[in-house]
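Understanding the architecture of this molecule
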Amino acid sequence: MSDAGRRDPGAIEERIGYAFRDRSLLDRALTRLAYTLEAGLPPAAHMDALATLGDAVINVAVVEAVVAGGAHDKGAITNRKMNLVNMTRLRSLAEGLDLGDYVRWGKGEAAQKVWTSGRVLAECLEALVGAVYLDGGMRAAAGVLRHLGLTETA
């Protein structure tokens, strides 16, 4: 992980099964706020807003998949969603992608190896899904989540 952020960001597209039309969204999804501040990049160049958006998109995609799988009881839908969408599961998916190797971390984050925190890698995955959503819409984002195996068992 010492080379975090040094891998070709385009390689992540193959891993998630989606090619970005607007590569700036991919770059933004892979850029932490600390890196943005250190590099003097514009305020909107980091992943935070995309992570918030991605969180909502993941929830919608999972609920759609659960309902499409035959669930109709509100409690059952909610329980299934909670089992599928949690920090541990999202972190595991991010680790499976080696996502931390593609992220541009701030110097302090790199020194502290913040990617070892469960929430940090989960947020990075959320940002990536948010970027896919902005680039290709809900169908593209749901396709990535299926490709990653998040919704195939819904």
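Okay, so let's go over this structure. (Residues numbered from 1 in each chain as written. Predicted model: local features only at pLDDT ≥ 70, side-chain atom pairs only at ≥ 80, totals over all residues. Heavy atoms only, no water.)

Remarks on helix H4 (residues 48–68)
Working note: α-helix, 3.6 residues per turn, so residues spaced by three or four point in the same direction. Definition in use: Helix and strand labels come from DSSP, where a helix needs a run of H or I of at least four residues and a strand needs a run of E of at least two; each type is numbered from the N terminus. Given the number of residues in a helix, its expected span is that number minus one, multiplied by 1.5 Å. Under the scheme applied here, a residue whose accessible area is under 20% of the maximum for its type counts as buried, over 50% as exposed, and between as partly exposed, the area being computed with a 1.4 Å probe on protein chains only. Contact criterion: two residues are considered in contact whenever any of their non-hydrogen atoms come within 4.5 Å of each other.
Its 21 residues place the ends of H4 30 Å apart at the C-alpha level, agreeing with the 30 Å of an ideal helix rising 1.5 Å per residue. For H4, every residue scored as buried is listed here: Leu50, Ala51, Gly54, Val57, Ile58, Asn59, Ala61, Val62 and Val66. For H4, the elements touching its buried residues are helix H2 (23–29), helix H5 (74–84), helix H6 (87–96) and helix H8 (118–148). After H4 finishes, the residue Gly70 shows a positive phi value of roughly 110 degrees.

Some points on the packing of aromatic side chains
Here is the rule: Classification of ring pairs rests on two measures: the distance between centres of Phe, Tyr or Trp rings, Trp counted by its six-membered ring, which must be within 6.5 Å, and the angle between planes, read as stacked under 30 degrees, edge-to-face over 60 and tilted in between.
If you walk through the whole model with that rule in mind, you get 2 aromatic pairs. Ring centres 5.2 Å apart and planes at 50 degrees place the aromatic pair Trp105 and Trp115 in the tilted group. Here Trp115 lies in the loop between helix H7 (107–112) and H8 and Trp105 lies in the loop between H6 and H7, a separation of 10 residues in the sequence. The pair formed by Trp105 and Trp115 is uniform in burial state, with each residue classed as buried.

Here's the deal with the pattern of salt bridges
To be explicit about the condition: Salt bridges, as used here, are contacts in which a Lys or Arg side-chain nitrogen is within 4 Å of a carboxyl oxygen on Asp or Glu.
Applying the stated criterion to the full structure yields 7 salt bridges. The salt bridge involving Glu123 is made with Arg119; its shortest N-O contact spans 3.6 Å. One end of the pair is Glu123 and the other is Arg119, both in helix H8 and 4 residues apart, which spans about a single turn. By relative accessible area, which is 27% here, Glu123 ends up partly exposed.

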